[in-house]
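The residues making up each chain are set out below.
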Amino acid sequence: MSADHSHDHDHGHEHEHEHGHDCGHNHDVVYNKLVKANHKVASVLLRNAKTIELTFDERQEVPHDVKATDGSTLICHLHDTVEVGDKLVSNTNEWAVVAAAQEELFEIARGQKGFEEFLHVAGLNFWPVQLNDTGARIVASHECMHMLEHFELEFGTLTAPMLEIVVPEIKHHDCCDHDHGHSHEHGHAHEHKHGPDCGHDH
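Source: prediction; values computed, not measured. (Residues numbered from 1 in each chain as written. Predicted model: local features only at pLDDT ≥ 70, side-chain atom pairs only at ≥ 80, totals over all residues. Heavy atoms only, no water.)

Draft legend 1. Representation of the overall build of the protein chain within the structure. Counting secondary structure elements, the protein chain contains five helices and ten strands. Counting over 202 residues, the protein chain shows a buried share of 34%. In the protein chain, the proportion of contacts linking residues at least 24 apart, taken out of those at least 6 apart, comes to 67%. In the form shown here, the protein chain has an accessible surface area of approximately 12500 Å², with 53% of it arising from carbon and sulfur atoms. (Helix = DSSP H or I, 4+ residues; strand = E, 2+ residues; numbered from the N terminus. Buried < 20%, exposed > 50% of the residue type's maximum accessible area, 1.4 Å probe, protein only. Contact = heavy atoms within 4.5 Å. Areas by Shrake-Rupley, 256 points an atom, 1.4 Å probe, with all protein chains shown as cover.)

Following this line, the structure appears as structure tokens:
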């Protein structure tokens, strides 16, 4: 039901915009339908499809204006999260394919003391983590950097697409033991609070 309402709203939106055409957007074309990546689509439909590169955060909430790789700007009215490989369809039946944009990531090698604990905290904070054979990649943020310093983990910075997200395994066992583990983490974080000048300056 709600989909229809938002559709009517889109139409109102287009009319309001008629008198502001000089902003460079083509408001007659609005990408407002999502086709999931696993849904088979005839290749003929995708022949002229545009590609849009979105960061992890943008894939959680698609911006209103999205730049396609050909330099054009697409107007998107989507309320769903999207994944790499998903397709957006406009009201004029034009197609666009979602790709992962390059963004700043932290890379942490596994085998370091505190690596598993850090992943546990990342899981509790719902930070996007990509696990691989050598360690983990995580979207760069100040909170994440402080936590890495707190666990005294060595990490590098790189620019790369954040691809599939593998939630740290600990999260799958949501039994009470791990909740106790969680409150234990909090105790840990408090120790950290009353000595902020220890490691933060460097």
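Draft legend 2. Up close: the sheet that holds strand β7 (residues 102-109). Here four strands make up an open sheet; going across it, the order is β8-β9-β7-β10 and the pairing antiparallel. Unpaired on one side and paired on the other, β8 (129-131) and β10 (155-161) mark the two borders of the sheet. If you compare each strand with its neighbour and ignore which way they point, the axes differ by 30° on average. One ladder, built from three bridges, connects β8 with strand β9 (residues 135-139); its direction is antiparallel. If you follow Leu 131 over to β9, its bridge partner there is Ala 136. Helix α3 (residues 115-124) contacts β7, β8 and β9 of the sheet and is inclined by roughly 35° relative to β9. (Pairing = 2+ DSSP bridges. Axes fitted to C-alpha atoms, helices over the stretch in contact; angles between N-to-C directions.)

Draft legend 3. Local environment of the sheet that holds strand β2 (residues 50-54). With mixed pairing, six strands are arranged side by side in an open sheet as β2-β6-β5-β1-β4-β3. Each of the sheet's edge strands pairs with one partner strand only, and the pair in question is β2 and β3 (65-67). Averaged over neighbouring strand pairs, the angle between their axes works out to 40° when direction is ignored. Of the strand pairs in this sheet, strand β5 (residues 87-90) and strand β6 (residues 95-100) are connected by three bridges, and their pairing is antiparallel. The residue of β6 that forms the bridge with Lys 87 is Val 97.

Draft legend 4. Main features of α3. For α3, the tally of buried residues reaches seven of ten residues, placing the bulk of the element in the interior. Along α3, the residues classified as buried are Phe 115, Phe 118, Leu 119, His 120, Val 121, Ala 122 and Gly 123. Phi for Phe 126, located one or two positions after α3, is positive at around 60°.

Draft legend 5. A look at the packing of aromatic side chains. With the rule as written, the count across this model stands at two aromatic pairs. When the centroid spacing of 6.4 Å and the interplanar angle of 40° are considered together, the rings of Phe 118 and Trp 127 count as tilted. For the pair Phe 118 and Trp 127, one class covers both residues: buried. (Phe/Tyr/Trp six-rings, centres within 6.5 Å; stacked < 30°, edge-to-face > 60°.)

Draft legend 6. Region of interest: the side chain of Lys 87. Structurally, Lys 87 is set in strand β5. For Lys 87, the side chain forms a polar contact with the main-chain oxygen of Gly 85, separated by 3.0 Å. Sequence-distant contacts of Lys 87, that is, excluding residues within four places in its chain, are made with Lys 33, Leu 34, Val 35, Ala 37, Val 41, Leu 46, Trp 95, Ala 96 and Val 97. (Polar contact = N/O pair within 3.5 Å; in protein donor to acceptor, adjacent residues only side chain to side chain.)

Draft legend 7. Looking closely at helix α4 (residues 142-150). Of the residues making up α4, those classed as buried are Cys 144, Met 147, Leu 148 and His 150. The buried residues of α4 all sit within an arc of 160° when viewed along its axis, so they share a single face. Directly after α4, the chain includes Glu 152, whose backbone phi takes a positive value near 55°. (Arc of directions from axis to C-beta.)

Draft legend 8. Examining the nonpolar core more closely. Core analysis: the largest hydrophobic core is formed by 16 residues, its most contacted members being Ile 108, Phe 118, Trp 127, Ile 138, Cys 144, Leu 148 and Leu 153. No other element matches α3, which puts five residues into this core. Once residues lying within four places of it in the same chain are set aside, the contact partners of Ile 108 are Phe 115, Phe 118, Thr 134, Gly 135, Ala 136, Ile 138, Leu 148, Leu 153, Glu 154 and Phe 155. Grouped together as the second largest cluster of nonpolar side chains are 14 residues, Val 29, Ile 52, Val 62 and Leu 78 included. (Core = buried A, V, L, I, M, F, W, Y, C linked by side-chain atoms within 4.5 Å.)

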